[in-house]
Amino acid sequence: MTAGTLAAGALALSLTGCGNSVDPIERLGRKTTEAQQSPTATPSRSAATATPGDEAYRKWGLKSPLEFAPKPAQKPALPPATPGKAQVVDRIPVPPTDKVVFLTFDDGAEKDPEFLKMAADLKLPISMFLTDNIASSDYGHFEKLRDNGSGSTINNHTLTHPNLRTLPFAAQKKEICGQQERLEKRFGTKPARFRPPYGNYNDDTLKAAAECGISQVVLWRVSMQINNFQYAEGSTLKPGDIILAHFRGPSELKGATEIQMTTRMLQRIQEQGYRIGRLEDYL
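Quick caveat: nothing in here was measured; it's all calculated off a predicted structure.

Cut-offs applied
Residues numbered from 1 in each chain as written. Predicted model: local features only at pLDDT ≥ 70, side-chain atom pairs only at ≥ 80, totals over all residues. Heavy atoms only, no water. Helix = DSSP H or I, 4+ residues; strand = E, 2+ residues; numbered from the N terminus. Buried < 20%, exposed > 50% of the residue type's maximum accessible area, 1.4 Å probe, protein only. Contact = heavy atoms within 4.5 Å. Areas by Shrake-Rupley, 256 points an atom, 1.4 Å probe, with all protein chains shown as cover. Pairing = 2+ DSSP bridges. Right-handed = clockwise from strand over helix to strand, strands pointing away. Phe/Tyr/Trp six-rings, centres within 6.5 Å; stacked < 30°, edge-to-face > 60°. Lys NZ or Arg CZ within 6 Å of the ring centre and 35° of its normal.

1. Here's the deal with the overall build of the chain
When helices and strands are tallied, the chain shows nine helices and 12 strands. Looking at the chain as a whole, 57% of its 283 residues qualify as buried. Within the chain, residue pairs in contact and separated by at least 24 positions form 76% of the contacts whose partners lie at least 6 positions apart. Total accessible area computed for the chain in this model is approximately 11300 Å², and 51% of it derives from carbon and sulfur atoms.

This is how it looks when you write it as structure tokens:
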């Protein structure tokens, strides 16, 4: 059986859609024993160095300034993976007292200029996972988000957002490598990280990702809905949680805006006493 099928703790989430996919179900990240330590990436800027203006939090609907986790002196240890496969990560193994979570946004359907202002003002370190046929109508939008000084990054989420587990190896590799090539051509570098659509993957996915130059397959344990989080386990955030959100607009959010959804997400993080870390500083 495949790693994606065997993984413990995987739960399906009903979201407001994933790009222009016909299937609005995302799958929460899985626990895995197949992980490997990836080469250290040099971050453009740590979230810990970002210091939003004193009034930025009020402007965007927060009661207090966001707290950012400093770049750790040593990256958390991850167990080794099977050779020839990309590492699978669904939570960062930080100490239980280290209340840090990580922001990831998928697809690229919504391209709201106001969100660019919000992310820049608050210095949000966002790991973006972009799908070409959804995001490519305005890759410049996500380039601005990457280059706003917060240390945000652009990563791979396939060319067309298929359920990879339904595809043979060659087709999976085409989806992953094809997006690697598109992103390199547009942004200058190939990403080291990949997220499979819906969180669905198998051994072929991990092999294809590795052959395409991917070091890590990044999943999640917490998903942001319109107003609140949905959890893979329990009813609260846990240290090291990777949070999934989407670039979404009012048509997918039942009239809410991307900014309103993000404000609620940040409020929930603050209410539970967590800081925001830059994912790439921990991988």
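2. Quick look at the pairing of strand β5 (residues 126-130)
In terms of residue burial, β5 counts as a mostly covered element, since five of its five residues are buried. Residues Ile126, Met128 and Leu130 of β5 are buried on one face, and the alternating residues Ser127 and Phe129, pointing to the opposite face, are buried as well. Pairing geometry for strand β4 (residues 100-107) and β5, over five bridges, is parallel. When the bridges of β5 are listed, aspartate 106 appears paired with phenylalanine 129. Handedness of the β-α-β unit built from β4, helix α3 (residues 113-122) and β5 comes out right-handed.

3. Here's the deal with the packing of aromatic side chains
Tallied over the full model, the rule gives seven aromatic pairs. Ring centres of phenylalanine 102 and tyrosine 282 lie 4.8 Å apart, and the angle between their planes is 70°; this geometry places the pair in the edge-to-face category. Within this pair, whereas phenylalanine 102 is found in strand β4, its partner tyrosine 282 is found in helix α9 (residues 279-282), the two being separated by 180 residues in sequence. Given a relative accessible area of 3%, tyrosine 282 falls into the buried group. Relative to phenylalanine 247, the ring of phenylalanine 105 lies with its centre 5.2 Å away and its plane at 45°, an arrangement referred to as tilted. Taken as a pair, phenylalanine 105 in strand β4 and phenylalanine 247 in the loop between β11 (242-246) and α8 (258-271) lie far apart in primary sequence, 142 residues in all. Relative accessible area serves as the criterion here: at 1%, phenylalanine 105 is assigned to the buried category. Pairwise contacts between aromatic rings join Phe105, Phe115, Phe142 and Phe247 into one cluster. Lying across the ring of phenylalanine 187, arginine 186 places its NZ or CZ 5.1 Å from the centre.

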